[in-house]
Structures are given as C-alpha cells and as structure tokens.
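An overview of the molecular structure
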Amino acid sequence: QVQLVESGGGLVQAGGSLRLSCAASGRTFSNYNMGWFRQAPGKEREFVAAISWSGGRTFYADSVKGRFTISRDNAKNTVYLQMNSLKPEDTAVYYCAADRERWRLRGDFRSYDYWGQGTQVTVSS
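Residues numbered from 1 in each chain as written. Predicted model: local features only at pLDDT ≥ 70, side-chain atom pairs only at ≥ 80, totals over all residues. Heavy atoms only, no water.

Before going further, it helps to examine the overall build of the protein. On a plain count of helices and strands, the protein comes out with 0 helices and 11 strands. Listed N to C, the secondary structure of the protein is β-β-β-β-β-β-β-β-β-β-β in terms of helices and strands. Its C-alpha radius of gyration of 13 Å places the protein within 12% of the 14 Å reference for a compact globule of 125 residues. Principal-axis analysis of the C-alpha atoms places the extent of the protein at approximately 40 × 25 × 25 Å. Residues counted as buried form 45% of the 125 residues belonging to the protein. Sequence-distant contacts in the protein: of pairs separated by 6 or more residues, those separated by 24 or more amount to 60%. Accessible area of the protein: about 6300 Å², with a carbon and sulfur share of 46%. Averaging the positions of the 16 positive and the 11 negative side-chain charges in the protein gives two centres separated by 4 Å. (Helix = DSSP H or I, 4+ residues; strand = E, 2+ residues; numbered from the N terminus. Rg over C-alpha atoms; globule rule 2.2 N^0.38 Å. Buried < 20%, exposed > 50% of the residue type's maximum accessible area, 1.4 Å probe, protein only. Contact = heavy atoms within 4.5 Å. Areas by Shrake-Rupley, 256 points an atom, 1.4 Å probe, with all protein chains shown as cover. Lys, Arg positive; Asp, Glu negative; His and termini not counted. Charge placed at Lys NZ, Arg CZ, Asp CG, Glu CD.)

Following this line, the structure appears as structure tokens:
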C-alpha cells in the first residue's frame, strides 16, 4: 500500500501560480511512476501530468504543456506540480496517483493503483 497526501491547493487569480505537493508513505516511493489528475464538477477525471520513477521522463496533457511542470524528490518521497499562468478552466480538485507500471507513462486514470484525497484549486478570472 502507498498512502498519498496532497497539499498546496487554494484560490488564485488568473495568471497566478501554485505549487502542489504530494507526500507518499508506505512502500518504496521510487518503485512507482507518479501522475497528477484533476476533476472539475460534472466532468470526468482528467490527466494532467506524469513522471517516471527516476524523474527522467515526463508527460503532459496538451492543455497544460508549457505552463505546468511535474517533478519529484525521491529522497523526500514527494512529487510536485508547479502550475504557472493559471486559467479559470484549471479550476478543479487535483489528485496525485501512483502507478506500479514503471516502463510506460500512462494518462488513463484507470491504470493507477493508489490515490490521494485531492486538493482544491480555484482560479478566479
């Protein structure tokens, strides 16, 4: 089992920045690829970004490419999502997730094995 706890969400104006963190505990963090997803009210959970177990590969949704950056610190068992140039359409609950599949970065939320409880991000116009 892996336990994941997100933090760093909040209210920000359009054009602003936020940095989300996801702290992991339980099994060895570096055994997992990690992903960030988001879900707005009435919408399906949406892929945002993923990072490989070593941090050497990343993968982004087109909607956030160039604005968001995913990173990880395996010594701290933490994955981050730096979000810049935020837009109102980025408003959602953001979740981090762990994937036992280490050889591919995946964008399908159904492929991920462990989830955090989510953190709310609200971007005002």
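We are not done yet, so read on.
Counting residues in each nonpolar core, the largest one holds 37 residues, and the members touching the most others are Leu4, Met34, Trp36, Leu81, Met83 and Tyr94. Looking at this core, the elements with two or more residues in it are strand E1 (2-7), strand E3 (18-26), strand E4 (33-39), strand E5 (46-51), strand E7 (68-73), strand E8 (78-83), strand E9 (92-99) and strand E11 (119-124). Setting aside its immediate chain neighbours within four residues, Met34 contacts Leu4, Cys22, Phe29, Ala49, Ala50, Ile51, Ile70, Arg72, Val79, Ala97, Ala98 and Tyr112. (Core = buried A, V, L, I, M, F, W, Y, C linked by side-chain atoms within 4.5 Å.)

Taken as a whole and assessed by the stated rule, the structure comprises 1 disulfide. The residue that forms a disulfide with Cys22 is Cys96, at a sulfur-sulfur distance of 1.9 Å. Its torsion about the S-S bond being 45°, the disulfide of Cys22 and Cys96 is classed as right-handed. Here Cys22 is found in strand E3, whereas its partner Cys96 is found in strand E9, with 74 residues between them in sequence. Just as Cys22 is buried, Cys96 falls in that class too. (Disulfide = S-S within 2.5 Å.)

The values reported here are purely geometric and, on their own, carry no functional implication.
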